[in-house]
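Architecture at a glance
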Amino acid sequence: MTAPTLESATRLPRTDRPDASRPRRSNREANLASRLGVFALLGLSAFYFIMPIWWLVVASTKPAGHQFSEPGLWFDGFGLFDNIALVFAESDGIFGKWMLNSVFYAGVSAVIGTLLSALAGYALAKYEFRGRGVVFGVILAAVLIPKVMFTLPLFLLFNQVGLLNNPLAVLLPSIVSPFGVYLARVFAAQSVPDELIEAGRIDGAGEFRIFFSIGVRIMSPALVTIFLFQFVEVWNNFLLPLMVLNDSALQPVTVGLVGWAGSNGQVPAGTVVVAALLSVVPLIIAFLGLQRFWRAGLTAGAVK
């Protein structure tokens, strides 16, 4: 018989060993509970935001005059195309004019605003000049100020210069986007290598050529994001066009729909519901058409 060794003497019996699976099991249960809580919160948030859109889609497909009939959240007949025809026939087809106005205001403002934001953000990120920090601080302060606060001063200013009831009264304030400048500056500082800029200068390229040939290509995902933010913001703008545009032929769709909703029954409520659904279609098209650019490599091909 062999004598017991020190290792065997100090080894605990299997029944006395601590259960190593308990901490793992408790961690798994905690992770599962946290995930279920997150999923539940996301589900409630999605339900809260999707339900009005779902009701709008369902009500728009119902026959004319039955938009508010039961069942409220499910389909009852199909009259979408007839409803669309009624919307475009209402008030001598003014809805089509409103949609074109909104596309014009939002599209022009988004294109020019994105270009200005890219230029300003690139300059703040890549050029050293006196007062750069102060300028960027002012831009950050402008981001925190709601644009609604500028509506009355802009109205008074445009009244003095004679721009009321003029499309420029909507376009000029809309092409300036402090938030777009902030995004462009952050993205340019992180993604545009200084080595590429120096290489362009050595090759004899001017600053604008470097910006459009190198900076814009690398910053394109951020510029698409800025464009979408700007487009949606101008499209949803209501108070400024309401105050500076008196001619209904110049108003965007947001102002026109509110006028229809407050017409005391002169425009059927069902027609207003269908028009509200049509008014968000361009936003959906813009988002679906441009979202693929967000997934592109942010600096693909810049530095190998």
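Residues numbered from 1 in each chain as written. Predicted model: local features only at pLDDT ≥ 70, side-chain atom pairs only at ≥ 80, totals over all residues. Heavy atoms only, no water.

1. Some details on a nonpolar patch on the surface
Among the surface-exposed residues, Tyr48, Phe49, Ile50, Ile53, Trp54, Val57, Leu73, Trp74 and Phe75 lie close enough to one another that they form a single nonpolar patch of about 950 Å² accessible area. Within the secondary structure, Ile53 sits in helix H2 (residues 21-61). (Patch = residues over 30% accessible without salt bridge, like charges linked within 9 Å, V, L, I, M, F, W, Y side chains within 5 Å. Areas by Shrake-Rupley, 256 points an atom, 1.4 Å probe, with all protein chains shown as cover. Salt bridge = Lys/Arg side-chain N within 4 Å of Asp/Glu carboxyl O. Helix = DSSP H or I, 4+ residues; strand = E, 2+ residues; numbered from the N terminus.)

2. Remarks on the pattern of salt bridges
As a working rule, side chains carrying opposite charge can pair if their charged atoms are close by. According to the stated counting rule, one finds five salt bridges in the structure shown. Glu198 is the partner of Arg201 in a salt bridge, and the nearest nitrogen-oxygen pair spans 3.0 Å. Of the two residues, Arg201 and Glu198 both sit in helix H9 (residues 194-202), three residues apart, roughly one turn of that helix. With relative accessibility at 31%, the residue Arg201 sits in the partly exposed group. For Glu198, a relative accessible area of 41% corresponds to the partly exposed category. Through salt bridges that share partners, Glu198, Arg201 and Glu207 make up one connected network. (Buried < 20%, exposed > 50% of the residue type's maximum accessible area, 1.4 Å probe, protein only.)

3. Brief notes about the nonpolar core
Proteins that are soluble and globular tend to have nonpolar side chains buried together. Ranked by internal contacts, the top residues of the largest apolar core, which has 28 residues, are Val87, Phe95, Trp235, Val244, Val253 and Trp260. Looking at this core, the elements that each hand over two or more residues are helix H4 (94-126), helix H7 (168-174), helix H11 (220-236), helix H12 (239-244), helix H13 (253-261) and helix H14 (269-279). It is H4 that provides the largest number of residues to this core, a total of seven residues. In contact with Val87, other than residues within four places in its own chain, are Phe95, Trp260, Thr271, Val274, Ala275 and Leu278. (Core = buried A, V, L, I, M, F, W, Y, C linked by side-chain atoms within 4.5 Å. Contact = heavy atoms within 4.5 Å.)

4. Some thoughts on the side chain of Ser177
Position of Ser177 relative to the elements: it lies in the loop between H7 and helix H8 (178-191). You can call Ser177 buried: its relative accessible area is 7%. Engagement of the side chain of Ser177 in a polar contact is seen with the backbone nitrogen of Gly180, the distance being 3.0 Å. Residue contacts for Ser177: discarding those within four places in its chain leaves Ser117, Lys147 and Gln230. (Polar contact = N/O pair within 3.5 Å; in protein donor to acceptor, adjacent residues only side chain to side chain.)

5. Points about the packing of H4 against H13
Two numbers describe a pair of packed helices, the interaxial angle and the distance between the axes. Remark: H4 packs on H13, axes separated minimally by 8 Å, with the N-to-C direction vectors making an angle of 150 degrees. On the side of H4, the interface is formed by Ile94, Phe95, Trp98, Met99 and Ser102, while H13 contributes Val253, Gly256, Leu257 and Trp260. Residue composition of the contact of H4 with H13, by class: seven nonpolar, two polar and no charged. (Axes fitted to C-alpha atoms, helices over the stretch in contact; angles between N-to-C directions. Nonpolar A, V, L, I, M, F, W, Y, C, P; charged D, E, K, R; others polar.)

6. Let's talk about the confidence of the model for the protein chain
In the predicted model, the protein chain carries a mean pLDDT of 85, and 88% of its residues have values of at least 70. For the protein chain, helix H1 (residues 6-10) is the element with the lowest average pLDDT, namely 48, and H4 is the one with the highest, namely 94. Predicted confidence for residues 297-304 stays below pLDDT 50, and this span has eight contacts to residues more than four positions away or in other chains. (pLDDT = per-residue confidence, 0-100.)

7. Points about the side chain of Thr61
Mapped onto the elements of the fold, Thr61 is located in helix H2. A distance of 2.7 Å separates the side chain of Thr61 from the backbone oxygen of Val58, its partner in a polar contact. Non-local contacts of Thr61, meaning those with residues more than four positions away in its chain, are made with Phe75, Gly77, Phe78, Gly79, Leu80 and Asn83.

8. Observations regarding unusual backbone geometry
Backbone geometry places Ser91, a non-glycine residue, at a positive phi of 55 degrees. Tracing the sequence through the fold places Ser91 in the loop between helix H3 (80-89) and H4.

9. Looking at the packing of aromatic side chains
Overall, the coordinates contain 18 aromatic pairs when judged by the stated rule. Ring geometry for Trp54 versus Trp74: centroids 5.9 Å apart, planes at 40 degrees, classification tilted. Of this pair, Trp54 sits in helix H2 while Trp74 is found in the loop between H2 and H3, placing the two residues 20 residues apart along the sequence. Centroid distance Phe88 to Phe95: 5.4 Å. Interplanar angle 80 degrees. Geometry classified as edge-to-face. Judged by relative accessible area, which is 40%, Phe88 ranks as partly exposed. Taken together, the ring pairs in this structure connect Phe88, Phe95, Trp98 and Trp260 into an aromatic cluster. (Phe/Tyr/Trp six-rings, centres within 6.5 Å; stacked < 30°, edge-to-face > 60°.)

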